[in-house]
Amino acid sequence: MITAKEAWELLKNMTQEDRFNALKNEVSEKTRNAIDNEVRKAVAACKNKVEITLWEKICRDPDDKIHDLVVWLWYKDVKVTSDFPCWRWWDSYEWKTFIKFTIPQ
């Protein structure tokens, strides 16, 4: 187990690449690719607001992990919510994750 002193040293000495690698592994590659594609579309359309709806087959990642990654990537006004219930309402329902953020200017 890591001690507080070791954690402080790690925090001071961690490179940006190390931080990104630690966070990116918390979110699936499918989710990261979907976010990347939507950002590229927004930039191509000269928009700075990104709104993404990801279906269950693409994203089952926890909201807080997605939020942490998007914030680390320096996007602003980040909101991540899911409609995953604690039990399946009915078998045909496909859950969704909603991600909204702003590209800073």
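Structure: see above.
Fair warning: this is a prediction, and the values are worked out from it, not measured in the lab.

Peer 1: I would appreciate a short explanation of the pattern of salt bridges in the present structure.
Peer 2: Any two side chains of opposite charge can pair, given that their charged atoms come close. The tally for this structure, following the rule as stated, stands at 6 salt bridges. Here Glu26 makes a salt bridge to Lys65, at a shortest N to O gap of 3.4 Å. With Glu26 in the loop between helix H2 (16-24) and helix H3 (29-44) and Lys65 in helix H4 (residues 63-72), this pair connects stretches of sequence that are 39 residues apart. For Lys65, a relative accessible area of 29% gives the class partly exposed. For Arg60, the salt bridge identified is with Glu56, shortest N-O distance 2.7 Å. Arg60 sits in the partly exposed class, given a relative accessible area of 47%. For Glu56, a relative accessible area of 15% translates into the label buried.

Peer 1: Explain the packing of aromatic side chains to me, please; I cannot follow it from the model alone.
Peer 2: Each aromatic ring pair is characterised by the separation of its centres together with the angle its planes make. Tallied over the full model, the rule gives 2 aromatic pairs. Centroid distance Tyr75 to Phe101: 4.6 Å. Interplanar angle 45°. Geometry classified as tilted. Residue Tyr75 is found in the loop between H4 and strand E2 (76-82), and its partner Phe101 is found in strand E3 (residues 96-102); the two are separated by 26 residues along the sequence. Accessibility expressed as a relative area gives 17% for Tyr75, which makes it buried. The class for Phe101 is buried, based on a relative accessible area of 2%.

Peer 1: In this structure, what is going on with the packing of H2 against H4? I would like to understand it.
Peer 2: Helix packing for two helices is described by the angle between their axes and how far apart those axes are. One can describe the packing of H2 onto H4 by two numbers: an axis separation of 10 Å at closest approach and a directional angle of 155°. Comparing their axes, H4 and H2 come out roughly antiparallel. Considering how the two elements wind past one another, H2 and H4 form a crossing that is left-handed. Of the residues in H4, those in contact with Gln16, Arg19, Phe20, Leu23 and Lys24 of H2 are Asp68, Leu69 and Trp72. Classifying every residue of the contact of H2 with H4 gives 4 nonpolar, 1 polar and 3 charged.

Peer 1: Honestly, the sheet that holds E3 in this entry has me stumped. Any pointers?
Peer 2: Strand pairing within a sheet occurs via backbone hydrogen bonds; the two strands may be parallel or antiparallel. Overall, antiparallel pairing links the 3 strands, which are arranged E1-E3-E2 in an open sheet. Edge positions in the sheet fall to strand E1 (49-55) and E2, since each has one partner strand and no second. Averaged over all pairs of adjacent strands, the angle between strand axes in this sheet comes to 10°, irrespective of strand direction. As judged from the 5 bridges shared by E2 and E3, these two strands associate in the antiparallel manner. Bridge pairing in E3 links Ser82 to Thr97. Its contacts with the sheet put H3 on E1 and E3, and the angle it makes with E1 is roughly 145°.

About the cut-offs
Residues numbered from 1 in each chain as written. Predicted model: local features only at pLDDT ≥ 70, side-chain atom pairs only at ≥ 80, totals over all residues. Heavy atoms only, no water. Salt bridge = Lys/Arg side-chain N within 4 Å of Asp/Glu carboxyl O. Helix = DSSP H or I, 4+ residues; strand = E, 2+ residues; numbered from the N terminus. Buried < 20%, exposed > 50% of the residue type's maximum accessible area, 1.4 Å probe, protein only. Phe/Tyr/Trp six-rings, centres within 6.5 Å; stacked < 30°, edge-to-face > 60°. Axes fitted to C-alpha atoms, helices over the stretch in contact; angles between N-to-C directions. Parallel < 35°, antiparallel > 145°, perpendicular 65-115°, else oblique. Left-handed = near helix turned anticlockwise from the far one by under 90°. Contact = heavy atoms within 4.5 Å. Nonpolar A, V, L, I, M, F, W, Y, C, P; charged D, E, K, R; others polar. Pairing = 2+ DSSP bridges.

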